[in-house]
Each structure stands twice: as structure tokens, then as C-alpha cells.
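# Examining the three-dimensional arrangement
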2 protein chains.
Amino acid sequence: MLKKKTIAIDMDGVLADIEAQALNWYERDFHVKLTKADLQGKTEMDLFPEKGIIRDFVLTKGFFLTLPVMEGAVEAVKSLSEHFEIYVVSAAMEFPLSLNEKLEWLGIHFPFISWKNIIFCGDKSIINTDYMIDDHIKNLDHFKGKTIMFHAFHNGSVTHHDRANNWNEVIALLNQV
Amino acid sequence: MLKKKTIAIDMDGVLADIEAQALNWYERDFHVKLTKADLQGKTEMDLFPEKGIIRDFVLTKGFFLTLPVMEGAVEAVKSLSEHFEIYVVSAAMEFPLSLNEKLEWLGIHFPFISWKNIIFCGDKSIINTDYMIDDHIKNLDHFKGKTIMFHAFHNGSVTHHDRANNWNEVIALLNQV
């Protein structure tokens, strides 16, 4: 049997809609409603005058457990898992609180992904798969396989990776290979 | 600057003396004193008539947090980290309780290892380093780099990986390269 090709899929910003959660919490706490469109081309400093507020959010118990699923992610990953070996690879070590919440979150929303295929790491430099889907160029730039950059407000000006604006575009890019 | 070669180092049975902990807890609960020498060539079933007792131990809160450090491990890893980029790679996902305990344990005993260099995974098949030090052949057999098999009672009859009986022998093997 031909061995399936492997894909490393990031969580925050790819499977989980961390931008939506941050905007929701910001509105809840500061009564300022920003949209994803408002984020484009901006930095965290431009957007949130309350210094460190995003870091405070991600350090709050429950932040990662209650992240909304990125639109279309469940169906797309389920479909991809028929043809690819899927690994979820999350840079979770910086926020120790997130470890159990991320694992629980995956169990709730992606129960078809085995614990054997979940990796929580610091940097992703020793991850070796055929493909990597990630929103951070620090992860994509050092990756040896084929990269797909999932759109996020912080990567809008990057042009040296194939961009997917949503999960339909991820599927389309992988259908070309 | 020449890039340092990378080593993936396992936790249980390599950095942490899980055999010692299991024997201590077994003596505490069943008043039977076994030594590491008693384990050689035996299976868990031979040694512990109480079916599933080891699984019960590892599922107990505190088991991983209180593991003794493997003799010589701290000094050896500290010394290796001068010449190699060290990654701690632990198959922690099977036991969710262990995630935070393992991270805390590393912080206590190996504070010089950055969170960026810690990986908790299911299987280790997508880990790509130059060397892997592990006691389980299921991890070593599929590894593409050079392997060092750390001695454990369950790998006593394995001959197709370089064996290190202790951390001094790990250092000796790595000095040859």
C-alpha cells in the first residue's frame, strides 16, 4: 500500500479562529467592536492601545478551550484525512495553561484525529512532513516540504508562500498536487 | 557559524527513571520489593500479577511530576547542550494528565532547556533530528538519523541499535561521532 503523504496543520489561526476570539473578548471588555477587515495591515500595537491585552487574553483560563472553529475546517480536515496522514502541530509550549485546553478542544471539535497525531512543541524546526499549513512565516520559512500559508492579518504582505484565504482554498491547492 | 547538530532526547526511561518510580510505588502498595535486576528479560505480566497496575500508576496524579531523574542525566545533557541543539521529545499525548506534570518536571530538573525545545507528541514518526536517544524501538526503528538505544528492561534483547547502559555511555557514543 502506498504510504499517505503527511501534512502538519497548525491550530491557532488555522484550525481555531483566534482572531475572532480576540475581537470578541476585546469588544466584551472594552466595548469597541473591530472586525477582521479592520485588522488587515495593522499591528497589535496599532489596534489595541491597551498594551499587552492580547497576551493577557491568551493567558486567561478558558481562552483556548473556547476558541471558535475556523470556518470549514472540520469538513476540510475530515476530507483531507482520507488521502493524507494528518498531524496537528501546535506551538503550545509558550503557554503551559493551553496544553490541556488545546487537547480537550481537539477532542471536542476534531475527535477523528488520534492522540498519536497530535504534537505540541515550541518551535517547529524539527517537524518533518510533506506539507505544512500554518499562518506564521517563522514556521513556514524553515520548513523543508511544501508550504501553504493560511491567511492572517499579520501575514497579509507576505508573498513567498502559497496563500490560502480559507479552507476551500487549502483543498484547492492540495488538489493540484 | 556552523549549525549545531540536533538530538531528540526521550523523557521516560531516559531523562526520567520511570522504572525506579514504578518499583517504589509497587513496594509501597504491595509490600513486594523488586529491583531493576529483577526486571531484566521479564514482561510486565511476569512481574506484576496485579493486571493493569502499571497503567494505574501512570494515570495517577503526581506520578510524572515526582519521577526521579535518571542518574547522570542533568550533567550529561548540560554538557551535550554545549555542542548539540537538544530537543526533549516525549510521547505524552496518551496520558493527558502527564502534559503539565512533564512540563513542570522539566522546569524543575532541566531549567536550562528552553520551552522552544520541548515537544510532546503521540508517535515520533515526524520528528527529524540528527540523533535520537530513546528506550523504545518503536521510536528508534522508524527514525532516519542515528539512534542510541537507552537501556531498559524491555529492550534487553534488541541488538540493532547502539546501546547505552547509562548517560556516561551516551556521552561516549556521541564523542565518537
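Criteria and thresholds
Residues numbered from 1 in each chain as written. Chains lettered and ligands numbered in written order. Predicted model: local features only at pLDDT ≥ 70, side-chain atom pairs only at ≥ 80, totals over all residues. Heavy atoms only, no water. Helix = DSSP H or I, 4+ residues; strand = E, 2+ residues; numbered from the N terminus. Polar contact = N/O pair within 3.5 Å; in protein donor to acceptor, adjacent residues only side chain to side chain. Contact = heavy atoms within 4.5 Å. Axes fitted to C-alpha atoms, helices over the stretch in contact; angles between N-to-C directions. Parallel < 35°, antiparallel > 145°, perpendicular 65-115°, else oblique. Left-handed = near helix turned anticlockwise from the far one by under 90°. Nonpolar A, V, L, I, M, F, W, Y, C, P; charged D, E, K, R; others polar. Domains from an automatic or database assignment. Buried area = accessible area lost by both parts, 1.4 Å probe. Salt bridge = Lys/Arg side-chain N within 4 Å of Asp/Glu carboxyl O. Least-squares fit on C-alpha atoms with pLDDT ≥ 70 in both. Buried < 20%, exposed > 50% of the residue type's maximum accessible area, 1.4 Å probe, protein only. Core = buried A, V, L, I, M, F, W, Y, C linked by side-chain atoms within 4.5 Å. Pairing = 2+ DSSP bridges.

On to the side chain of A:Asp10, then. All names here are of chain A. By the secondary structure assignment, Asp-10 is in the loop between strand E1 (5-9) and helix H1 (18-30). Among the polar contacts made by the side chain of Asp-10, one reaches the side chain of Lys-124 at a distance of 3.0 Å. When near neighbours in sequence (up to four residues on either side) are disregarded, Asp-10 contacts Leu-15, Val-89, Ser-90, Lys-124, Ile-133, Asp-134 and Asp-135.

A word on the packing of helix H5 (residues 73-80) of chain A against helix H8 (residues 167-175) of chain A. All names here are of chain A. Put simply, H5 and H8 touch, their axes get as near as 9 Å, and they point 20 degrees apart. By the criterion of interaxial angle, the relationship of H5 to H8 is roughly parallel. Taken as a pair, H5 and H8 cross one another with a handedness that is left-handed. Side by side, H5 and H8 meet where Ala-73, Ala-76, Val-77, Ser-79 and Leu-80 of the first sit next to Trp-167, Val-170, Ile-171 and Leu-174 of the second. Among the residues forming the contact of H5 with H8, the class breakdown is eight nonpolar, one polar and no charged.

We now examine the domain arrangement of chain A. All names here are of chain A. Domains assigned within chain A are domain 1 (5-17 + 68-175) and domain 2 (18-58). Computed over C-alpha atoms only, the centres of domain 1 and domain 2 are separated by 22 Å. Listed as interface residues are eleven residues of domain 1 and, on the opposing side, 13 residues of domain 2. Taken together, both faces of the contact between domain 1 and domain 2 bury some 930 Å²; the carbon and sulfur share is 53%. The largest share of the area that domain 1 buries against domain 2 comes from Asp-17, Phe-95 and Phe-153, three residues that together contribute 66% of it. On inspection of domain 1 and its partner domain 2, the count reaches two salt bridges.

Here we come to the relation of the copies chain A and chain B. Each copy superposes on the other: chain A lies on chain B with an RMSD of 0.0 Å after a rotation of 180 degrees and an axial shift of 0.0 Å. The transformation just described matches what one would write down for a two-fold rotation axis. The residues that chain A uses at the interface reappear at the interface of chain B in 100% of cases, marking a shared surface.

Let's shift gears to unusual backbone geometry. Negative phi values dominate among residues other than glycine, just as trans dominates among peptide bonds. All names here are of chain A. Backbone geometry places His-31, a non-glycine residue, at a positive phi of 55 degrees. Relative to the assigned elements, His-31 resides in the loop between H1 and helix H2 (36-39). Residue classification places His-31 among the exposed residues on the basis of a relative accessible area of 70%.

Attention now goes to the nonpolar core. Across soluble globular proteins, nonpolar side chains show a tendency to be buried alongside one another. The biggest cluster of nonpolar side chains holds 102 residues, and the ones touching the most others in it are A:Leu15, A:Phe120, A:Trp167, B:Leu15, B:Phe120 and B:Trp167. Dropping the residues within four chain positions of it, A:Leu15 is found in contact with A:Ile9, A:Asp10, A:Pro68, A:Val69, A:Met70, A:Ala73, A:Val77, A:Val88, A:Trp105, A:Leu106, A:Phe110 and A:Trp167. In terms of nonpolar packing, the next biggest core, distinct from the first, is built from 24 residues, A:Ala8, A:Ile119, A:Met132 and B:Ile119 among them.

Attention now moves to the interface of chain A and chain B. In this assembly, 23 residues from chain A lie in contact with 23 residues from chain B. In total, chain A and chain B occlude about 2,100 Å² of area from one another, counting both sides; carbon and sulfur atoms represent 64% of this. Among the residues of chain A in contact with chain B, A:Met93, A:Trp115 and A:Ile126 are the three that bury the most area, contributing 32% of the side total. Across the chain A-chain B interface, the total number found is zero salt bridges. Taken together, the elements giving at least two residues each to the side of chain A that touches chain B come down to strand E2 (84-90), helix H6 (98-109) and strand E3 (118-121) of chain A. Among the residues making up the side of chain A that touches chain B, the classes are represented as 13 nonpolar, six polar and four charged. Two elements, E3(A) and strand E3 (residues 118-120) of chain B, share two bridges in a ladder whose sense is antiparallel. Paired with A:Cys121 across the bridge in E3(B) is B:Ile119.

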